[in-house]
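If you want the building blocks of each chain, they are given just below.
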Amino acid sequence: MSARGDEALVAEMRRAYAGAAWQWATGPAALYRRLATALVASAHVELQGRRVMDLGAGTGAASEALIEVGAEPVGVDLAVQMLAHRRTARPPGVAADAQRLPFREGAFAAVIAAFSLNHVPDLTGALAGCRRVLANGGGVLASTFPSDEEHPAKPVVEAVLEQYGYRRPGWYATFKDRLAGLTGDPASFARAASDAGLHDVRVERIEVEAGLDDPGLAVAWRLNMPHTLDFVASLAPARRSELRDRATAALAGRSPSAVTMLQLGATRP
Ligand SMILES: C[S@@+](CC[C@H](N)C(=O)[O-])C[C@H]1O[C@@H](n2cnc3c(N)ncnc32)[C@H](O)[C@@H]1O
């Protein structure tokens, strides 16, 4: 895709997330908070008492996990509305694109990117930016979903949505087709980090107990995503409630508790 196409895609993702802050916080955030705890627990660099960037902070899942281990997070997100959610109860936040980080060289001991680098067209460029803002010996830790292993709640709920007329928005289709695989394939994710000048690169596949065997949690996750929530909101209340019930019923016995995620760890030499 051309540079202009990339910019248009990033602008669409900004708009989608900007309108999703409240729903994110009341739906998917419960799951992402558990995933962020697992990510932070696997950090290969010291975090306690250190300044750490929470890149693609959203409504603050990783910032909360970082505070729990004594780190001092700074939230960075493309969508200022995500950072504005519960702003007074959160660490400082800066609205910025991961591809153009507005910080001086060496400003952070670590960069934690929880499910955000998978949204970035110029993945190598963004990782090079992370390297630049890290102090020597600092680490990047980033999570994403593997392309070859999807939690069953995703296709099951999407199939129910389609029965109600849902079609993927264009930006989400492009995101899935073109961007998700850059980080979702361990070899490609690792290569981007090496090409960005990072060292000690490793990508691990880990399973996190996420409580998704509770269909309520799984449905709250899938129906409050930036690519589904506008469609769900467009339904009349009775249809919306019927959709929710059908999605919940469809998930019974088909939604394992655990989620598989990929974790990239790398260091600035
Ligand atoms: C899947 S959400 C994850 C939010 C949060 N890290 C969590 O785990 O709950 C992805 C976040 O990345 C942000 N994002 C997407 N593209 C970005 C970019 N190019 N630069 C910075 N943030 C970006 C979105 O606005 C959104 O808040």
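Notes on the structure in this doc start here. Keep in mind that this is a model prediction, so the values were computed, not measured.

What about the overall build of the protein?
Phase 1: Within the protein, the secondary structure is distributed over twelve helices and seven strands.
Phase 2: On C-alpha atoms alone, the protein measures out to a radius of gyration of 18 Å, which is about the 18 Å that the 2.2 N^0.38 rule sets for 269 residues.
Phase 3: C-alpha atoms of the protein, sized along the principal axes, occupy 55 × 40 × 40 Å.
Phase 4: Burial statistics for the protein: of 269 residues in total, 53% are counted as buried.
Phase 5: Considering only contacts in the protein between residues 6 or more positions apart, those separated by 24 or more positions represent 78%.
Phase 6: In the form shown here, the protein has an accessible surface area of approximately 11500 Å², with 50% of it arising from carbon and sulfur atoms.

Regarding the pattern of salt bridges
Phase 1: Summed over the entire model, instances satisfying the criterion amount to twelve salt bridges.
Phase 2: Arg239 is paired through a salt bridge with Glu242; the nearest N and O atoms lie 3.9 Å apart. Here Arg239 pairs with Glu242, and both are found in helix α12 (residues 237-251), just three residues apart, close to one helical turn.
Phase 3: Bridged by salt links that share partners, the residues Arg33, Glu64 and Glu68 form one connected network.

Some remarks on the nonpolar core
Phase 1: Among the nonpolar cores identified, the biggest contains 51 residues, and Leu31, Tyr32, Leu35, Leu47, Leu161, Leu212 and Trp221 are the most heavily contacted of them.
Phase 2: Among the elements that take part in this core, helix α3 (residues 29-41) stands out by supplying seven residues, more than any other.
Phase 3: The residues touching Leu31, leaving out its near neighbours within four places in the chain, are Ala210, Leu212, Trp221 and Val259.
Phase 4: Within the second largest apolar cluster, 29 residues are counted, among which are Ala98, Leu101, Ala142 and Phe189.

Notes on the packing of helix α7 (residues 153-163) against α12
Phase 1: At a minimum axis separation of 9 Å, α7 and α12 run at an interaxial angle of 145 degrees. The interaxial crossing formed by α7 with α12 has right-handed handedness. Contacts from Ala153, Val156, Val157, Val160, Leu161 and Gln163 in α7 reach Leu243, Arg246, Ala247, Ala250 and Leu251 in α12.
Phase 2: Classifying every residue of the contact of α7 with α12 by side-chain character gives nine nonpolar, one polar and one charged.

Basis of the calculations
Residues numbered from 1 in each chain as written. Predicted model: local features only at pLDDT ≥ 70, side-chain atom pairs only at ≥ 80, totals over all residues. Heavy atoms only, no water. Helix = DSSP H or I, 4+ residues; strand = E, 2+ residues; numbered from the N terminus. Rg over C-alpha atoms; globule rule 2.2 N^0.38 Å. Buried < 20%, exposed > 50% of the residue type's maximum accessible area, 1.4 Å probe, protein only. Contact = heavy atoms within 4.5 Å. Areas by Shrake-Rupley, 256 points an atom, 1.4 Å probe, with all protein chains shown as cover. Salt bridge = Lys/Arg side-chain N within 4 Å of Asp/Glu carboxyl O. Core = buried A, V, L, I, M, F, W, Y, C linked by side-chain atoms within 4.5 Å. Axes fitted to C-alpha atoms, helices over the stretch in contact; angles between N-to-C directions. Left-handed = near helix turned anticlockwise from the far one by under 90°. Nonpolar A, V, L, I, M, F, W, Y, C, P; charged D, E, K, R; others polar.

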